[in-house]
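Structural description and commentary
As a plain string of letters, each chain reads:
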Amino acid sequence: MPGVELQNLSSNWKNLQKSLSKDKTTPTAPNPLKRKTTSDGLPVSHSNGVKRKKLETRNIQSPVRRRRMMGSYPSKEPPVQPKPAASPSASLALFAEDNDIPAADVAAAYKLDRVKTAASTPASTSTPQQDALNSGLNPAAVPGKYVALDCEMVGTGPPPATDSVLARVSLVNYHGQLLYDSYVLPPPNVAITDYRTFVSGIQPHHLRPGTARPFRHVQRDVAALLAGRVLVGHALKNDLAVL
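Residues numbered from 1 in each chain as written. Predicted model: local features only at pLDDT ≥ 70, side-chain atom pairs only at ≥ 80, totals over all residues. Heavy atoms only, no water.

Looking now at the overall build of the protein chain. Along the backbone of the protein chain there are 7 helices and 6 strands. Walking the protein chain from its N terminus toward its C terminus, one meets helices and strands in the order α-α-α-α-β-β-β-β-β-α-α-β-α. Counting all 243 residues of the protein chain, 24% fall into the buried class. Considering only contacts within the protein chain whose residues lie at least 6 apart along the sequence, 57% involve residues at least 24 apart. Accessible area for the protein chain stands at about 18800 Å²; split by element, carbon and sulfur atoms hold 56% of it. (Helix = DSSP H or I, 4+ residues; strand = E, 2+ residues; numbered from the N terminus. Buried < 20%, exposed > 50% of the residue type's maximum accessible area, 1.4 Å probe, protein only. Contact = heavy atoms within 4.5 Å. Areas by Shrake-Rupley, 256 points an atom, 1.4 Å probe, with all protein chains shown as cover.)

Attention shifts here to the nonpolar core. By size, the foremost hydrophobic cluster in this structure holds 17 residues, and its most contacted members are Leu 149, Cys 151, Leu 166, Val 169, Leu 171, Val 222 and Leu 243. Going through the elements one at a time, β2 (146–156), β3 (163–172), β4 (178–183), α6 (215–226) and α7 (236–242) are the ones with two or more residues in this core. For this core, the element with the most residues is β2, which contributes 4 residues. Membership of the second largest hydrophobic core comes to 8 residues, among which are Ala 167, Tyr 183, Ile 202 and Ala 212. (Core = buried A, V, L, I, M, F, W, Y, C linked by side-chain atoms within 4.5 Å.)

Side chains of Trp 13, Leu 16 and Leu 20 sit close together on the surface and give an oily, nonpolar patch of about 320 Å² of accessible area. When you line up the elements, Leu 20 lands in helix α1 (residues 6–24). Among the residues examined, Leu 20 registers a relative accessible area of 41% and is labelled partly exposed. (Patch = residues over 30% accessible without salt bridge, like charges linked within 9 Å, V, L, I, M, F, W, Y side chains within 5 Å. Salt bridge = Lys/Arg side-chain N within 4 Å of Asp/Glu carboxyl O.)

Attention now goes to the packing of aromatic side chains. Scanning the model with the defined rule gives 1 aromatic pair in all. The interplanar angle of 50° and the centroid separation of 5.8 Å between the aromatic rings of Tyr 146 and Tyr 174 together place this pair among those described as tilted. One end of the pair, Tyr 146, is in strand β2; the other, Tyr 174, is in the loop between β3 and β4, with 28 residues separating them in the sequence. The class of Tyr 174 is partly exposed, set by a relative accessible area of 39%. (Phe/Tyr/Trp six-rings, centres within 6.5 Å; stacked < 30°, edge-to-face > 60°.)

Here it is as structure tokens:
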């Protein structure tokens, strides 16, 4: 390869330097996004020397948005108000109507002035009064759905007088109001050998004519009171057996 002349090499190098110097002096367009700076290189402030703090809102989420992101949207319906509890008068009125009990008796038992029911119920005696013993059927009392029965028996036959005959019948309604009370005449030709007074309270004068009623009348009245009602009592099989 023939050698390169030094004179040509020097001239080429000078031309390259000139082209490079021209590129450096070419002015460039100013960057419109570049912030202005002062002579010392610091950014120019437009807030009169007060630096504003930038709010970081990227991680702040409102409660509504957070709930929606979790899949539960807030309800716009008003909150459900609890229903007021039924008054004692209203609940007792339903009880009286369902169980066929006079409203006046319920009011008297719970010391209320009045209990209203949907159906008109005959009023019964709501004020306390002394029961009239051996008065038979009490026309002022209303039986209602429930009646309680109790019978007293006296002993017949040779000692120890294990046989029994009916001597007295008593019935009360749901609130203990007397419905029926009567002494009962013993059957004819039946001698009473034990009145059992210490248990029954029966004495000989209670079972005499003019005081006690015939058995057939008592049986008829009691059957009418028990018809279609719920019977309550103790050892009712014995009471029903003598009736």
